[in-house]
Amino acid sequence: MAKGYKYFEAIEKHAGKLAIFTAIMVSIGGLAEITPLFVEAHSITASAGVKPYDPLRLAGKDIYVREGCYLCHTQMIRSLRAETQRYGAYSVSSESVYDRPHQWGSKRTGPDLARLGGKYSDEWQRLHLLDPRAVVPQSNMPAYPWLADEPIDSKDSVARVRAVQLLGDPYSAEKIAAAPAALEGMTAMDALVAYLQGLGLPAEVAEDPT
Amino acid sequence: MSTFWSLWVMALVVFNLGLTLFLFSWARKVEIPTLEDGTTGHVWAHGVLRESVRRLPGWWVITSAGMFVFAFVYLLLYPGFGAWKGLLGWTQHEQHATQVALNDANVAELNSRFAQLSPEQLAANPLAQQIGERLFIDNCAACHQRNARGNPLLGAPNLVDDDWTWGGDDASITTSILEGRQGLMPPLGSLGADTVTDLAHYVLSLSGAPHDAARATNGQPGFALCSACHGSDAKGNPIMGAPNLTDSTWTWSKGDLPAIERAITDGLHGVMPAWKARLNQDDTRVIIAWLRSQSGDRLARR
């Protein structure tokens, strides 16, 4: 019989020490899995055709996040045959460099939206957000009727563009100068539909991602 | 993965596995001091519960040891140990590519069998119907409804009534699906509300729907404007997607007076997206086959 009981006793009889050593052991997995990806994420650049959101779509993306669409929808097609057959090419990280926060996830009540752009008409998207049951009778998606009456605040939207510019997204001075005119008279609905209609379009021209 | 991060992961894996393996083998042998009665002296509930010392059950020891073996074998075969690619050379992308190739081969085999069938046979083929229905539900049902009966809110037509705006032969339907269709009827509210109502009564008269005969007569001359698109016989024009107004099928409404007035006043613009980026000819063939099987009118075609 080996010696050393006192070491076990020292840890097991002191809740504080036990907690600290447990935390250290548990964090090893995280240090190995998360840290490298976290640090290397900053070196990922946009794949061909992926452009920063224009001001209207950026406003739409923020509404998407605000309304919690991500609670039921992912924007991450996994590299599984059944998924790529249904939704299109699998998602790669270089496609979401301009998404802050990214809209990946694993919780799907509704379908994945990563390649939604162009699948339906603008009118369909509007009707569906106003009343999902008007187009999909079986749907349990909530209605978002208030979006149609909510004007886009162009000052606020330009500030958002400046904020992501500050984080390094390339926007030209002309683009920003033109933003207020482009947002004139737009509603939250217009912005969200513009955002949805642009989802995943660039990947159709992007080369094989490996 | 850069060399630094590769080493980082390797170091953590070695540390973690090494430490747990060491603890696993050492802790089993450590002698736990006991009192005379064979307990450790730990008591709970004022001495009602006392802790005795037992050997770990064999199944537990073997399972735990098995997990170490699994970890070593896994890290040897699969990627996980830093930049080590694993003896099997497995990658997620390759696995996906293999599965896609396998599925593509199955689908190609099916489609080559379907290609031998006439449209009538294909429409009667249960497997083609099943695939067609799946594709329809996934891509088309959101607008045309699950039963393909259409949705007037979007101007999405009924696809199983054998009444086609853009042409009902297989080639035209395939073009409708792959290239998309957009009908455009301009707003004609500038004609004035009265004229619009007259025209609407005239339109109703064309299909023998209930209407005000006097107003319809008033409306008739104005229909010259409409004939440019809907044809002088009002039977429609598949080239621009102007529907037949003399039958009783309506796309944008149930054919009631206010709806027709609205159509004339505000114009109409149906948008059928192009599907060529998502579907191919093989897909449209089975979709059309399914639609045919649903329309119950498999012979009258072309």
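These figures come from a predicted structure and were not determined experimentally. (Residues numbered from 1 in each chain as written. Chains lettered and ligands numbered in written order. Predicted model: local features only at pLDDT ≥ 70, side-chain atom pairs only at ≥ 80, totals over all residues. Heavy atoms only, no water.)

(A) Region of interest: the overall build of chain A. From N to C terminus, chain A includes nine helices and zero strands. Counting from the amino terminus, chain A carries its helices and strands in the arrangement α-α-α-α-α-α-α-α-α. Taken over C-alpha atoms, the radius of gyration comes to 23 Å for chain A, far larger than the 17 Å a tight globule of 210 residues would show. Along the first, second and third principal axes, the C-alpha set of chain A runs to 80 × 45 × 35 Å. Expressed as a percentage of contacts within chain A between residues at least 6 apart in sequence, the contacts between residues at least 24 apart total 75%. Summed over its atoms, the accessible surface of chain A is roughly 11,600 Å², and 62% of this surface lies on carbon and sulfur atoms. (Helix = DSSP H or I, 4+ residues; strand = E, 2+ residues; numbered from the N terminus. Rg over C-alpha atoms; globule rule 2.2 N^0.38 Å. Contact = heavy atoms within 4.5 Å. Areas by Shrake-Rupley, 256 points an atom, 1.4 Å probe, with all protein chains shown as cover.)

(B) Structural detail: the overall build of chain B. Within chain B one finds twelve helices and four strands. If you line up chain B on its principal axes, its C-alpha atoms span 115 × 55 × 45 Å. Out of the 302 residues belonging to chain B, those deemed buried represent 34%. A sequence separation of at least 24 residues applies to 57% of the contacts in chain B between residues at least 6 apart. With an accessible surface of roughly 17,800 Å², chain B has 60% of that area assigned to carbon and sulfur atoms. The average position of the 22 basic charges and that of the 27 acidic charges among the side chains of chain B differ by 9 Å. (Buried < 20%, exposed > 50% of the residue type's maximum accessible area, 1.4 Å probe, protein only. Lys, Arg positive; Asp, Glu negative; His and termini not counted. Charge placed at Lys NZ, Arg CZ, Asp CG, Glu CD.)

(C) Up close: the domain arrangement of chain B. Domains assigned within chain B are domain 1 (3-77) and domain 2 (122-295). Relative placement of domain 1 of chain B and domain 2 of chain B: their C-alpha centres are 72 Å apart. (Domains from an automatic or database assignment.)

(D) Main features of the packing of helix α3 (residues 92-115) of chain B against helix α12 (residues 281-295) of chain B. Residue and element names in this part refer to chain B. Where α3 meets α12, the axes come as close as 11 Å, and the angle between the chain directions of the two elements is 55 degrees. By the angle between their axes, α3 is oblique relative to α12. Judged by the sense of rotation from one axis to the other, the crossing of α3 with α12 is left-handed. Contacts from N111, F114 and A115 of α3 reach α12 at D282, R285 and V286. Of the residues belonging to the contact of α3 with α12, the class tally is three nonpolar, one polar and two charged. (Axes fitted to C-alpha atoms, helices over the stretch in contact; angles between N-to-C directions. Parallel < 35°, antiparallel > 145°, perpendicular 65-115°, else oblique. Left-handed = near helix turned anticlockwise from the far one by under 90°. Nonpolar A, V, L, I, M, F, W, Y, C, P; charged D, E, K, R; others polar.)

(E) Looking closely at the interface of chain A and chain B. Between chain A and chain B, the contact holds 40 residues from the first and 38 residues from the second. When chain A packs against chain B, the two sides together hide about 3,500 Å² of surface, and 64% of this comes from carbon and sulfur. Connecting chain A to chain B are one salt bridge. R86 of chain A is the partner of D138 of chain B in a salt bridge, and the nearest nitrogen-oxygen pair spans 3.3 Å. For the pair chain A and chain B, the interface holds eleven residue pairs in polar contact (both at pLDDT 80 or more). (Buried area = accessible area lost by both parts, 1.4 Å probe. Salt bridge = Lys/Arg side-chain N within 4 Å of Asp/Glu carboxyl O. Polar contact = N/O pair within 3.5 Å; in protein donor to acceptor, adjacent residues only side chain to side chain.)

(F) Quick look at the pattern of salt bridges. Under the criterion given, the structure shown has 20 salt bridges over all chains. Taking the shortest distance from any N to any O, the salt bridge between E150 of chain A and R66 of chain A comes out at 2.9 Å. Of this pair, E150 of chain A sits in the loop between α6 (132-135) and α7 (154-166) while R66 of chain A sits in helix α3 (residues 55-66); the two residues are 84 residues apart in sequence, bridging distant segments of the chain. When its relative accessible area of 23% is taken as the criterion, E150 of chain A is described as partly exposed. In this structure, R285 of chain B engages D282 of chain B in a salt bridge whose closest nitrogen and oxygen atoms are separated by 3.5 Å. A residue pair is termed a helical-turn pair when its members lie 3 or 4 positions apart in one helix, as R285 of chain B and D282 of chain B do in helix α12 at three residues. On the basis of relative accessibility, which here comes to 31%, the residue R285 of chain B falls in the partly exposed class. Connected through salt bridges with shared partners, the residues K61, D62, D156 and R160 of chain A form a single ionic network.

(G) Just the domain arrangement of chain A, in detail. What the domain assignment lists for chain A is domain 1 (5-41) and domain 2 (55-197). Placing the centre of domain 1 of chain A and that of domain 2 of chain A at their C-alpha centroids yields a distance of 40 Å.

(H) Broad picture of unusual backbone geometry. Residues R100 of chain A and P101 of chain A are joined by a peptide bond in cis, for which omega reads -5 degrees. Within the secondary structure, P101 of chain A sits in the loop between α4 (81-87) and α5 (122-130). Although it is not a glycine, A148 of chain B sits at a positive phi angle of roughly 65 degrees. Within the secondary structure, A148 of chain B sits in the loop between α6 (141-144) and α7 (170-179).

(I) Structural view of the nonpolar core. In terms of nonpolar packing, the biggest core is built from 39 residues, with L129, L192 and L196 of chain A touching the most fellow members. Those elements that provide at least two residues to this core are α3, α5, α7, α8 (173-183) and α9 (188-197) of chain A together with α6 of chain B. It is α9 of chain A that contributes the most residues to this core, seven residues altogether. If sequence neighbours within four positions are ignored, L129 of chain A has contacts with M141, A143, Y144, P145, M189, L192, V193 and L196 of chain A. (Core = buried A, V, L, I, M, F, W, Y, C linked by side-chain atoms within 4.5 Å.)

(J) Local environment of the pairing of strand β2 (residues 49-52) of chain B. Residues and elements named next belong to chain B. Pairing between strand β1 (residues 39-44) and β2: three bridges, direction antiparallel. Looking across to β2, one finds that T39 is bridged to S52. Following β1, the chain reverses through four residues before pairing antiparallel with β2; A45 in that reversal takes a positive phi of roughly 50 degrees. (Pairing = 2+ DSSP bridges.)

(K) A look at α8 of chain A. Residue and element names in this part refer to chain A. Taken residue by residue, α8 has I176, A179 and L183 as its buried positions. Axial view of α8: buried residues confined to an arc of 35 degrees, hence all on one face. Summarising the geometry of α8, the exposed residues directed more than 90 degrees from the buried face are A173, E174, A177 and A181. If you follow the buried residues of α8, they end up packed against α3 and α7. Phi turns positive, to about 75 degrees, at G185, one or two residues after α8. (Arc of directions from axis to C-beta.)

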